[in-house]
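# Analysis of the macromolecular model
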Amino acid sequence: QVQLVESGGGLVQPGGSLRLSCAASGSIFEIYGMGWYRQAPGKQREPVAIITSGGVPNYGDSVKGRFTISRDNTKTTVYLQMSSLKPEDTAVYYCNAHLSTTTNQAPAGYWGQGTQVTVSS
């Protein structure tokens, strides 16, 4: 089994900052990439930032220059530093990992439970 545990969401004023964390654990064989997606009420889930196994980050257009994705040396924890937050960044943020397990080496996507980020004055 694989678990993705997110933390760091909350309420922040416009222009403020938050940092999200996501730790992957369990029967992981190899992680091919990790990232963050978000879903606002009434909208589809969209990619926010992804980091490849080689450490190359990719960002959604709406967050470029404001958000930074990074990971720790074990490559099992990913962070999302969010700055200059706007009300339109309000959403549930989900961690995603593309990985294989020790019992099934076919790569698959796994999701965290989501963490709420609310940007409001």
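Attention here is on the structure that accompanies the text. Please read these numbers as outputs of a predicted model, since none were measured by experiment.

### A few points about the overall build of the protein chain
When you go through the protein chain residue by residue, the secondary structure sums to zero helices and eleven strands. When the helices and strands of the protein chain are listed from N to C terminus, the series reads β-β-β-β-β-β-β-β-β-β-β. When the backbone C-alpha atoms are referred to their principal axes, the protein chain occupies close to 45 × 25 × 20 Å. Split by element, the accessible area of the protein chain, about 6,300 Å² in all, is 48% carbon and sulfur.

### Re the state of the cysteines
Inspection of every chain in the model, using the stated rule, returns one disulfide. Shown here is the disulfide that connects Cys-22 with Cys-95, its sulfur atoms set 2.0 Å apart. Its S-S torsion of about -80 degrees marks the bond between Cys-22 and Cys-95 as left-handed, since a negative value means left-handed. One end of the pair, Cys-22, is in strand E3 (residues 18-26); the other, Cys-95, is in strand E9 (residues 91-101), and 73 residues separate them in sequence. Residue Cys-95 is classed as buried on the basis of its relative accessible area of 0%.

### Brief notes about the environment of Gln-113
Note on placement: Gln-113 falls in the loop between strand E10 (108-111) and strand E11 (115-119). Considering only alpha carbons, one finds Gln-113 and Tyr-93, 20 residues apart in sequence, at a separation of 8.9 Å. Beyond its immediate sequence surroundings of up to four residues, Gln-113 is in contact with Leu-4, Val-5, Glu-6 and Tyr-94.

### Topic: the pattern of salt bridges
Going through the model one piece at a time under the given rule, you end up with four salt bridges. Salt-bridge contacts for Arg-38 lead to Glu-46; the nearest nitrogen and oxygen are separated by 2.7 Å. In this structure, the salt-bridge partner of Arg-66 is Asp-89, at a minimum N-O distance of 2.7 Å. One end of the pair, Arg-66, is in the loop between strand E6 (57-59) and strand E7 (67-71); the other, Asp-89, is in the loop between strand E8 (77-82) and E9, with 23 residues separating them in the sequence. The same class applies to Arg-66 as to Asp-89, namely buried.

### Some thoughts on the packing of aromatic side chains
On inspection of all chains with the given rule, the structure shows two aromatic pairs. Each ring, one from Tyr-37 and one from Trp-111, has its centre 5.0 Å from the other, and the planes form 70 degrees; the classification is edge-to-face. Residue Tyr-37 is found in strand E4 (residues 28-39), and its partner Trp-111 is found in strand E10; the two are separated by 74 residues along the sequence. Consider the rings of Tyr-94 and Trp-111, whose centres lie 6.5 Å apart with planes at 85 degrees: the pair is edge-to-face. Residue Tyr-94 is found in strand E9, and its partner Trp-111 is found in strand E10; the two are separated by 17 residues along the sequence. For Tyr-94, a relative accessible area of 15% translates into the label buried. Members of the aromatic cluster, connected to one another through ring pairs, are Tyr-37, Tyr-94 and Trp-111.

What counts, and where the lines are drawn
- Residues numbered from 1 in each chain as written.
- Predicted model: local features only at pLDDT ≥ 70, side-chain atom pairs only at ≥ 80, totals over all residues.
- Heavy atoms only, no water.
- Helix = DSSP H or I, 4+ residues; strand = E, 2+ residues; numbered from the N terminus.
- Areas by Shrake-Rupley, 256 points an atom, 1.4 Å probe, with all protein chains shown as cover.
- Disulfide = S-S within 2.5 Å.
- Buried < 20%, exposed > 50% of the residue type's maximum accessible area, 1.4 Å probe, protein only.
- Contact = heavy atoms within 4.5 Å.
- Salt bridge = Lys/Arg side-chain N within 4 Å of Asp/Glu carboxyl O.
- Phe/Tyr/Trp six-rings, centres within 6.5 Å; stacked < 30°, edge-to-face > 60°.

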